Amino acid sequence: MENGSELEKWGFRGNEKLSAALASAVTVRGILMKLFESLSKDDPRPTVPLGHGDPSAFPCFRTAAVAEDAIVDAVRSAKYNGYAPSVGILPARRAIADYLSRDLPYALSPDDVHVTIGCIQAIEVTMAVLARPGANILLPRPGFPYYESRAAAINLEVRHFDLNPEKGWEVDLESIEALADENTVAMVIINPGNPCGTVYTHQHLKKIAETARKLGILVVADEVYHHLTFGSNPFVPMGAFGSIVPVITLGSISKRWIVPGWRLGWIVTNDPNGILRKLGVVECITSYLNMAADPPTFMQGAVPHMLEKTGEDFFAKVIDILREAAGICYDRIEEIPCITCPNKPEGSMFVMAKLNVSLLEDINDDMEFCLKLAKEESVIVLPGVAVGMENWLRITFGIDPSSLEDGFGRIKAFCERHAKKQ
Ligand SMILES: *Cc1c(COP(=O)(O)O)cnc(C)c1O
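Computed from a predicted model, the values in this text were never measured in an experiment. (Residues numbered from 1 in each chain as written. Predicted model: local features only at pLDDT ≥ 70, side-chain atom pairs only at ≥ 80, totals over all residues. Heavy atoms only, no water.)

**Describing the overall build of the protein chain**
We count it as follows: By the criteria applied, helices consist of DSSP H or I runs no shorter than four residues and strands consist of E runs no shorter than two, each listed in order from the N terminus. Throughout, radius of gyration means the C-alpha value; the globule benchmark is 2.2 Å times the number of residues raised to the power 0.38. Categorising residues by exposure relies on relative accessible area from a 1.4 Å probe, with only protein chains included: less than 20% of the type maximum marks a residue as buried, more than 50% marks it as exposed, and the intermediate range marks it as partly exposed. Note on areas: Shrake-Rupley, 1.4 Å probe, and residue coverage restricted to the protein chains presented here. By the counting scheme adopted, Arg and Lys are positive, Glu and Asp are negative, and His together with the chain ends is not counted. Taken as the charge centre is NZ of Lys, CZ of Arg, CG of Asp or CD of Glu, depending on the residue.
The number of helices and strands found in the protein chain is 15 helices and 13 strands. Over its C-alpha trace the protein chain gives a radius of gyration of 22 Å, about what one expects of a compact globule, namely 22 Å for 422 residues. Referenced to the eigenvectors of the C-alpha coordinate spread, the extents of the protein chain come out at roughly 65 × 65 × 50 Å. A burial count over the protein chain gives 55% of its 422 residues as buried. Carbon and sulfur atoms make up 53% of the accessible area of the protein chain, which totals about 18700 Å². Taken as two groups, the 41 positive and 53 negative side-chain charges of the protein chain have centres that lie 2 Å from each other.

**Considering the environment of Asp172**
Secondary-structure assignment places Asp172 in the loop between β5 (170–171) and α8 (173–179). Through-space distance from the C-alpha of Asp172 to that of Phe161 is 6.8 Å; in sequence the pair is 11 residues apart.

**Focus on empty space enclosed by the protein**
We apply this condition: A pocket, in this scheme, is an open set of points on a 1 Å grid over the protein atoms alone with protein on both sides within 12 Å along at least 5 of 7 lines, while a cavity is a set where a 1.4 Å probe fits but cannot get out; residues line either one if an atom lies within 4 Å of a point. Grid points are joined across faces, edges and corners, and a volume is the space filled by probe spheres set on the points. Any residue that is not Ala, Val, Leu, Ile, Met, Phe, Trp, Tyr, Cys, Pro, Asp, Glu, Lys or Arg is counted as polar, Gly included; the first ten are nonpolar and the last four charged.
Counted by the stated rule, this structure contains one cavity of 30 Å³ or more. Of the voids in this model, the largest cavity is the one considered here, and its volume is about 80 Å³. Considering the residues around the largest cavity, the lining is formed by 15 residues, among which Pro140, Leu163, Ile190, Asn194 and Tyr200 are closest to the centre. Those elements that provide at least two residues to the lining of the largest cavity are β4 (157–164) and β6 (184–190). Broken down by element, the residue count for the lining of the largest cavity peaks at three residues, all from β6. When grouped by side-chain class, the residues that make up the lining of the largest cavity number 11 nonpolar, four polar and no charged.

**Quick notes on a nonpolar patch on the surface**
This is how the line gets drawn: Patch membership needs two things, relative accessible area over 30% and no salt bridge, and members are linked within 9 Å if like-charged or within 5 Å if nonpolar (Val, Leu, Ile, Met, Phe, Trp, Tyr). In what follows, salt bridge is the name for a side-chain nitrogen of Lys or Arg lying within 4 Å of a carboxyl oxygen of Asp or Glu.
Together, Leu7, Trp10 and Phe12 make up a nonpolar patch on the protein surface, roughly 320 Å² of accessible area in all. Its place among the elements puts Trp10 in the loop between α1 (4–7) and α2 (16–23).

**Quick word on the layout of surface pockets**
Inclusion rule: Domain start and stop positions are those given by an automatic or database domain assignment.
Taken as a whole, the largest pocket holds about 820 Å³ of empty space. Forming the boundary of the largest pocket are 28 residues, of which Val28, Arg29, Ile120, Phe144 and Lys255 lie nearest the centre. Mapped onto the lining of the largest pocket, the elements with two or more residues apiece are α3 (28–37), α6 (118–130) and α7 (146–153). It is α3 that contributes the most residues to the lining of the largest pocket, five residues altogether. Of the residues belonging to the lining of the largest pocket, the class tally is 15 nonpolar, seven polar and six charged. Counting the residues that make up the lining of the largest pocket, at least three belong to each of domain 1 (25–61 + 313–418) and domain 2 (65–309). Elements represented by at least two residues in the lining of the second largest pocket include exactly α6, β6, α9 (202–215), α10 (275–278) and α11 (281–290). The residue makeup of the lining of the second largest pocket, split by class, is 14 nonpolar, five polar and three charged.

**Quick notes on the site of the ligand**
Filter applied, for reference: When at least one non-hydrogen atom of a residue lies within 4 Å of a molecule or strand, that residue is treated as near it. Pairs of N or O atoms within 3.5 Å make up the polar contacts considered here, provided that, within protein, one atom can donate a hydrogen while the other can accept it, and that residues adjacent in sequence are counted only when both atoms are side-chain atoms. Whether a molecule sits in a cavity or pocket is decided by its atoms, more than half of which must lie within 2 Å of the grid points.
Around the ligand sit 14 residues in total, of which Asp222, Tyr225, Ser252, Ser254 and Lys255 are the nearest. Side-chain polar atom of Ser252 to an oxygen atom of the ligand: 2.7 Å apart, as the coordinates give it. Between an oxygen atom of the ligand and a side-chain N or O atom of Arg263, the distance comes to 2.9 Å. Out of a free accessible area of 380 Å², the ligand has 93% covered by protein chains. More than half of the atoms of the ligand fall within 2 Å of the grid points belonging to the largest pocket. Per element, the largest residue contribution to the shell around the ligand is four residues, and it comes from α6.

**Quick notes on the state of the cysteines**
Our working definition: The rule for a disulfide is simple: a pair of cysteine sulfur atoms within 2.5 Å.
Across all of its chains, the model carries zero disulfides by this definition. Free cysteine: Cys119, not disulfide-bonded; nearest cysteine sulfur from Cys196 at 17 Å. Free cysteine: Cys329, not disulfide-bonded; nearest cysteine sulfur from Cys341 at 7.3 Å.

**Considerations on the domain arrangement of the protein chain**
Quoted interface sizes are often the accessible area lost when the parts come together. Here is the rule: By the convention used here, residues are in contact when the closest approach between their heavy atoms is within 4.5 Å. Throughout, the accessible surface (probe 1.4 Å) given up by two parts as they are put together, summed over both, is called the buried area.
According to the domain assignment, the protein chain consists of domain 1 (25–61 + 313–418) and domain 2 (65–309). Computed from C-alpha coordinates alone, the two centres of domain 1 and domain 2 are separated by 27 Å. If you look at the interface, domain 1 gives 33 residues, while domain 2 gives 28 residues. Buried surface at the junction of domain 1 and domain 2, both sides included, amounts to about 2500 Å², of which 68% is carbon and sulfur. The tally of links from domain 1 across to domain 2 stands at zero salt bridges. One can count 10 residue pairs in polar contact (both at pLDDT 80 or more) joining domain 1 with domain 2. Looking at which element gives the most residues to the side of domain 1 that touches domain 2, the answer is helix α13 (residues 312–334), with seven residues. Of the residues in the side of domain 1 that touches domain 2, the class split is 22 nonpolar, seven polar and four charged.

**Structural notes on the packing of α6 against α11**
Basically, it comes down to this: Lines fitted to the C-alpha atoms define the axes, with helices restricted to the stretch that makes contact. Angles between their N-to-C directions range from 0 to 180 degrees. Note that the term roughly parallel is reserved for angles under 35 degrees, roughly antiparallel for angles over 145, roughly perpendicular for angles of 65 to 115, and oblique for everything else. Each crossing gets its hand from how the near helix is turned against the far one by less than a right angle, where anticlockwise is left-handed and clockwise is right-handed.
Where α6 meets α11, the axes come as close as 9 Å, and the angle between the chain directions of the two elements is 125 degrees. Between α6 and α11, the angle falls in the class oblique. Here α6 runs over α11; the crossing is right-handed. Within the contact between the two elements, α6 uses Gln121, Glu124, Val125, Ala128 and Val129 and α11 uses Val281, Cys284, Ile285, Tyr288 and Leu289. Of the residues that constitute the contact of α6 with α11, the class distribution is eight nonpolar, one polar and one charged.

**With respect to the packing of aromatic side chains**
Heads up, the rule is: For this analysis, a ring pair means two rings from Phe, Tyr or Trp (six-membered ring only for Trp) whose centres lie within 6.5 Å, classed as stacked if their planes differ by under 30 degrees, edge-to-face if by over 60, and tilted for the remaining angles.
This model, assessed by the stated rule, comprises 10 aromatic pairs. For the pair Tyr225 and Phe350, a centre-to-centre distance of 6.1 Å together with 85 degrees between the ring planes defines the contact as edge-to-face. Within this pair, whereas Tyr225 is found in the loop between β7 (218–222) and β8 (247–252), its partner Phe350 is found in strand β11 (residues 350–355), the two being separated by 125 residues in sequence. On the accessibility criterion, Tyr225 (2% relative accessible area) is buried.

Given below as structure tokens:
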């Protein structure tokens, strides 16, 4: 090992400012890592992963055969071995525009579409494009902490608005008006919702659009769970209100096709009035992507076939499993006194449940609950602090229903064991 003085000759360091910004950011991965570390090695039972949403490990969630074939054909064609243009290849952009236009009152053009490495890169690019010096952005609480981490990394100020559990986790629109000022650039909504499992009505989305218009801010709509709905509200894309307010829609194939490892997503400008183009937002997205990495060209080559040919039977099967799993989740939570679920999930693959620690003997908060649950029962659940809500739990039901039953059986036993004696 070199000692301190010998290290001084080196002119490089880890970026302290970036490290500090990132250290203060709570990441789902960071918390999950802690939970996985506390698993007991002596438990012969399989770990039940209710912490993060990746159903691809379960055979019942295997993606559509046409999607797999599309990739194989794209590779075999030898047409996609080269670099792609940084905004994405035209057939992919056209296919995404056509696919999303099916749900819109107007038609998107390929020029409205930028192809990205999953929805994660779409978030990264959009936040960077909006982060003018002094700007702030409004994020939902509870939410998806990647937005907070990204904002921390690029010095974009974050202001949180609440989602109201008493009103089906709708956006508290009054708090939006109170939070926004002349430096507010956008508000983010996630619909269908992670972590709440909500699906917003046409009416609520319209109100969001009208509020954003009044404030002169953009709506960034994270629709990575588009069409993963199984309750009474159908999925309505925020872009349907693009003539009221400009909307940037972020999405990917990761969740609907259950292939988060394939890393293909999009940034779409839903803006029939052309405001984003006139204000230089589209140009900035294009410039940013010029210096960024692209999704593999064969993935882009496979996209048109995937989007056009995947049958309703595949989507319906996934929805049926998620509906069953969401029901199990809701019913089992009702049987456990120390956790309550204000709203039956109707979309995505997550639900928020409130933890009442006053009913527990030796557990003081959600983090402790989750650490002990991992250790004693080999069940991973995400503590609410990770998504901005202390003493709540985020539970994913994107796993096969029998494992979910197993997991809830163990959570129930755990809660009974730790309950305060009357
Ligand atoms: C999973 C998820 C993403 C990331 O999607 P990828 O396509 O896998 O990059 C983005 N936003 C939300 C709300 C998510 O749950």
